Amino acid sequence: MNFKLKDIVPQLVTVLAVVLIFGFFTYNAQVNMENRGIDFGYGFLSQESSFDVQFSLIEYDGSHSYFRAYLVGLLNTILVSVIGIILATILGVIVGIARLSPNYLINQFAAFYVEFFRNIPLLLQIFFWYFAALRALPLPQDAEPMFGISYLTIKGLFVPAFIWQNFNIFFYSVTAAIIAIIVIRTHAKKVQETQGKQIPVLLISIGLILILPLLSFLIGGVRLSFEVPVLKQLATTSFIYEGGVSLPPELIALTLSLSLYTATFIAECVRAGIQGVGKGQKEAAASIGLTPNQVLKLVVMPQALRIIIPPTTNQYLNLTKNSSLAAAIAYPDLVLVFAGTALMQTGKAIEIVSITMFTYLSLSVSISLLMNWYNRKIAITEK
Amino acid sequence: MSKINFLKPDKSNLNTFLYLGAFLFFFSVLDVSLNSFFSLNITSFLPNFISFLLPIILGFIGLYFIRIELSGIKQLDLLNKNINTNNFNAILSLLIIFIIIKSTPPILSWFYIDASFAGDSKDVCTGSGACWTYIKVWMRRFMYGMYPNAEQWRINLSFISLALLGSVGYFATDRFKKYLTLYYVVIYPFIAFLFIFFFISGGPVFLDFSYGIIAAILSIIIGFFIPNKFKFYYFLIVPLALYILLKYFIFYEELIELGKLEGLNWVETGAWGGLSLTFIISFFCLIFCFPIGMAFALGRRSNFPLIRYISVGFIEFWRGVPLITVLFMSAVMFPMFLPEDFFIDKLVRAIIAISLFEAAYVAEVIRGGLQALPRGQYEAAKSLGMGYWKMHIFVILPQALKLVIPGIANTFLALVKDTPLIFVVGLLEIVGMLNLAKTNPEWLGFAMEGYVFAAIIFWIICYAMSKYSYNLEQKYKTDR
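Residues numbered from 1 in each chain as written. Chains lettered and ligands numbered in written order. Predicted model: local features only at pLDDT ≥ 70, side-chain atom pairs only at ≥ 80, totals over all residues. Heavy atoms only, no water.

**Some points on the overall build of chain A**
Each helix and strand counted, chain A has eleven helices and eight strands in total. A compact globule built from 383 residues would reach a C-alpha radius of gyration of about 21 Å, whereas chain A, at 27 Å, exceeds it by more than 25%. Each principal axis of the C-alpha distribution contributes one length, and for chain A these read about 85 × 80 × 45 Å. Relative to its full complement of 383 residues, chain A shows a buried share of 40%. Long-range contacts, defined here as pairs at least 24 residues apart, represent 65% of the contacts in chain A between residues at least 6 apart. When the accessible area of chain A is evaluated, it comes to approximately 21200 Å², of which 67% is carbon and sulfur surface. Of the side-chain charges in chain A, 24 are positive and 19 negative, and the distance between the mean point of each set is 17 Å. (Helix = DSSP H or I, 4+ residues; strand = E, 2+ residues; numbered from the N terminus. Rg over C-alpha atoms; globule rule 2.2 N^0.38 Å. Buried < 20%, exposed > 50% of the residue type's maximum accessible area, 1.4 Å probe, protein only. Contact = heavy atoms within 4.5 Å. Areas by Shrake-Rupley, 256 points an atom, 1.4 Å probe, with all protein chains shown as cover. Lys, Arg positive; Asp, Glu negative; His and termini not counted. Charge placed at Lys NZ, Arg CZ, Asp CG, Glu CD.)

Written out as structure tokens, the structure is:
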């Protein structure tokens, strides 16, 4: 009896405390909302939003609903996260490998980069790029063209737009190439495991991904043309580029600082991963006659990836969450559009903050579920 | 055959290659240096394109010539091993050397040579370099925010005394060493709180107590004389129950006035700011997030399923959302959850939000340490007859915490780097102050100087912290 009581009492007390706190909060919220005449509900999502957003991936203006504004913010967040993740990974892997280089200058340079960017708050870096560095760029009318077609100005980066004809055929050809590559890779792995033969997968893959889309141009009737941005005068001193794609300076500053900052952490993950593979592994692989490339591909990388991927996924998650700092420089991401402007207009604090948090939460949870699944898949199965 | 041999540097004609290679290499470095320091192009007679690429080509050939294996000259071998192992490395080394030479003059001139230091108005900043006058003029604002100039000695005094009190650990003799943990965990935070509350905040001091508080404190003191068997439940229930009962039901909010002191001028938290606010917030969040995180780490490894689920939920919730939304929540959503006439200062709200947020990260770090301990430690402690708390306090936690020093340090670093985010709730620490200063119509156009200044300060703080944690890690590293 005594033993059971000892088990139950602490649990009951904890649960009671949690329930009491939540009950207290809910009760107060009800009283407060009643007093202020606010009603709780998510109906506002379908109302007309009547505010504009500077930069949006989908068609949007004030006549659309709040839900559409939410989507605009979410898509902008995803856009900045995806670009940031790609850039940070490329830079992080290069720097991580450079830190292990036998070349003293290179590894010191990489170490300097990591120590420098890691120890400065991300928000400060964003402000630096946005308010100090990008403000030093030329005005649209003075900008020198880069490669003759793009312009980097104080009002953003203007690049040519792709104009496709029969885009779906091109898309199918790329998809077909990717599927073919996956099939060949699986086959090659099987051949290698059973017969020990190596198939030049990389060469075949490059060939496929080049030739199939090329064929779609030659016989599929796919046409591609560019729309080059053209300078246009708005007023006597105000110029802007029209046509093409314009990337606002907020987006540039944000992706730049996010990727420079996160790359330092990814670099450390990569370094730890490669260092974590025992020296004996490489020596054993070399002693059974594998070439250095094979050692890297078949022995070192699979083991290093096992160490690298979980913390790197964590960094991707951090980058996605950090992209919410966009609100500080008025890049219209989820926090600014939804938890900022929409909240100001509707006053629905509880609903909007909870939706925003829930969105980030589900983003994180889905990424970490994916990571756990992957972890289980590549974990060493001990006999 | 001999011709090929001539182009292949080896030991047989070492001196020829050494002198030729060294000459070419130094010539390329000289060319770039002259170009960068004196804007003099000694190869200007060549076409533009070749003149641009010449240093790289010459330097590459030079490095190729001096790449002689086992030359017998110690310095040369060292050089080859470090920057000149193969063609690819040679090119990268050259590029880095050239980049360093090229970027030195502009950075140096911006930072120092062309920079203006004197004066106290914008007029002195005419040079092309940085305007450090701007920083000098705004220094007080960057350090203390809107805190009144005449009262800033209070912040200085508090910080100096707290730093002195904090360094007690270094001077403690062996006799007092065992009390240090108690001192740092309980007494020091309390003293710090008193300093912040009475010195930095100021205002008249009412020594008012409600009956509830007095009864709760008395019951805690009595609790120490209660038999061990009931102690746990007594502390769990009696003080809190007494407090609530007396405060809210019997003597409703009735206060006993013990005295009233005039105190210092009151400075509202809205005026606090600058670097000192960064320190205050980091300090308090650090104090609060550690015990909360530890509790949830233990909770997550508890045998009681309900406590475990609650802990997992708490940790995963805070880890899944960005700090900026948490601060948004503390700013706009949290007041809705409190009784109507109940007001919590926004600085306190921000500190609570950041503490809860970082506590989740601390919890995960500590959990890692707990998991890394071998089962034998738990079993040994249990076999000595230790209970749950005794086992954790004397056996498990000291070892687990030692293991996670780097992780904890990283979390605290993240905390310091996250403090600028409090601009969301309208508080301006140093980065916020910079943004305010750069919009001042009299001082437009000095954003760069401000951000560089703040970056240097943060860099020094964070780098020192990470080095300190590394030292700590080495100090407590015990072979197991």
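**Observations concerning the interface of chain B and chain A**
Of the residues lining the interface, 54 residues belong to chain B; the matching set on chain A comes to 55 residues. Between chain B and chain A, a total of about 5000 Å² is buried, with carbon and sulfur atoms accounting for 75% of that surface. Considering only the side of chain B, the residues that lose the most area to chain A are Met336(B), Phe337(B) and Lys417(B), jointly responsible for 14% of the buried surface there. Counting the contacts that link chain B with chain A gives zero salt bridges. Our count for the contact surface shared by chain B and chain A stands at 14 residue pairs in polar contact (both at pLDDT 80 or more). At the level of secondary structure, the elements contributing two or more residues to the side of chain B that touches chain A comprise helix H4 (74-83), helix H5 (87-113), helix H12 (228-250), helix H14 (305-320), helix H15 (323-333), helix H20 (430-438) and helix H21 (447-476) of chain B. Counting residues per element, the side of chain B that touches chain A draws most heavily on H21(B), which supplies ten residues. (Buried area = accessible area lost by both parts, 1.4 Å probe. Salt bridge = Lys/Arg side-chain N within 4 Å of Asp/Glu carboxyl O. Polar contact = N/O pair within 3.5 Å; in protein donor to acceptor, adjacent residues only side chain to side chain.)

**Overview of the packing of helix H13 (residues 274-300) of chain B against helix H16 (residues 346-372) of chain B**
All names here are of chain B. Close contact between H13 and H16 brings their axes to 5 Å; oriented N to C, the two are set at 45 degrees. Classified by the angle between their axes, H13 and H16 sit oblique to one another. For the pair H13 and H16, the sense of crossing is right-handed. Class assignment for the residues of the contact of H13 with H16 results in 21 nonpolar, two polar and four charged. (Axes fitted to C-alpha atoms, helices over the stretch in contact; angles between N-to-C directions. Parallel < 35°, antiparallel > 145°, perpendicular 65-115°, else oblique. Left-handed = near helix turned anticlockwise from the far one by under 90°. Nonpolar A, V, L, I, M, F, W, Y, C, P; charged D, E, K, R; others polar.)

**Points about the confidence of the model for chain B**
Residue and element names in this part refer to chain B. With 94% of its residues at a pLDDT of 70 or more, chain B has an overall mean of 83. Looking at the elements of chain B, mean pLDDT is at its lowest for helix H1 (residues 2-7), recorded as 52, and at its highest for H16, recorded as 91. Across the whole predicted complex the pTM is 0.86, and at the interface the ipTM reaches 0.84. (pLDDT = per-residue confidence, 0-100.)

**Concerning the nonpolar core**
If you look at the biggest cluster of nonpolar residues, it comprises 179 residues, and the most contacted ones within it are Leu124(A), Tyr134(B), Phe142(B), Trp272(B) and Leu370(B). The element contributing the most residues to this core is H16(B), with 13 residues. (Core = buried A, V, L, I, M, F, W, Y, C linked by side-chain atoms within 4.5 Å.)

**Topic: a negative patch on the surface**
Residue and element names in this part refer to chain A. A cluster of acidic residues, Glu48, Asp52, Glu59 and Asp61, forms a negative patch at the surface. For glutamate 48, the location among the structural elements is in the loop between helix H1 (2-36) and helix H2 (66-98). Given a relative accessible area of 55%, glutamate 48 falls into the exposed group. (Patch = residues over 30% accessible without salt bridge, like charges linked within 9 Å, V, L, I, M, F, W, Y side chains within 5 Å.)

**Quick look at unusual backbone geometry**
We note that Ala330(A) has phi near 65 degrees; this positive angle belongs to a residue other than glycine. Within the fold, Ala330(A) resides in the loop between helix H9 (292-322) and helix H10 (334-346).

**So, the sheet that holds strand E1 (residues 145-146) of chain A**
All names here are of chain A. The strand order E1-E2-E3-E8 describes an open sheet built from four strands, whose pairing is antiparallel. Sheet topology places E1 and strand E8 (245-247) at the edges, where each strand pairs with a single neighbour. Of the strand pairs in this sheet, E1 and strand E2 (residues 150-153) are connected by two bridges, and their pairing is antiparallel. Residue pairing in the sheet places methionine 146 in a bridge with serine 150 of E2. (Pairing = 2+ DSSP bridges.)

**Considering the pattern of salt bridges**
Scanning all chains against the criterion turns up eight salt bridges over all chains. The residue Glu115(A) makes a salt bridge to Arg118(A) at a minimum N-O spacing of 3.9 Å. Here the residue Glu115(A) and the residue Arg118(A) both occupy positions in helix H3 (residues 104-118), the gap between them amounting to three residues, near one helical turn. The residue Arg300(B) makes a salt bridge to Glu364(B) at a minimum N-O spacing of 2.9 Å. Taken together, the residues Arg300(B) in helix H13 and Glu364(B) in helix H16 connect sequence positions 64 residues apart. The same class applies to Arg300(B) and to Glu364(B), which are both buried. Members of the salt-bridge network, linked through shared partners, are Arg300(B), Glu316(B), Glu364(B) and Arg367(B).

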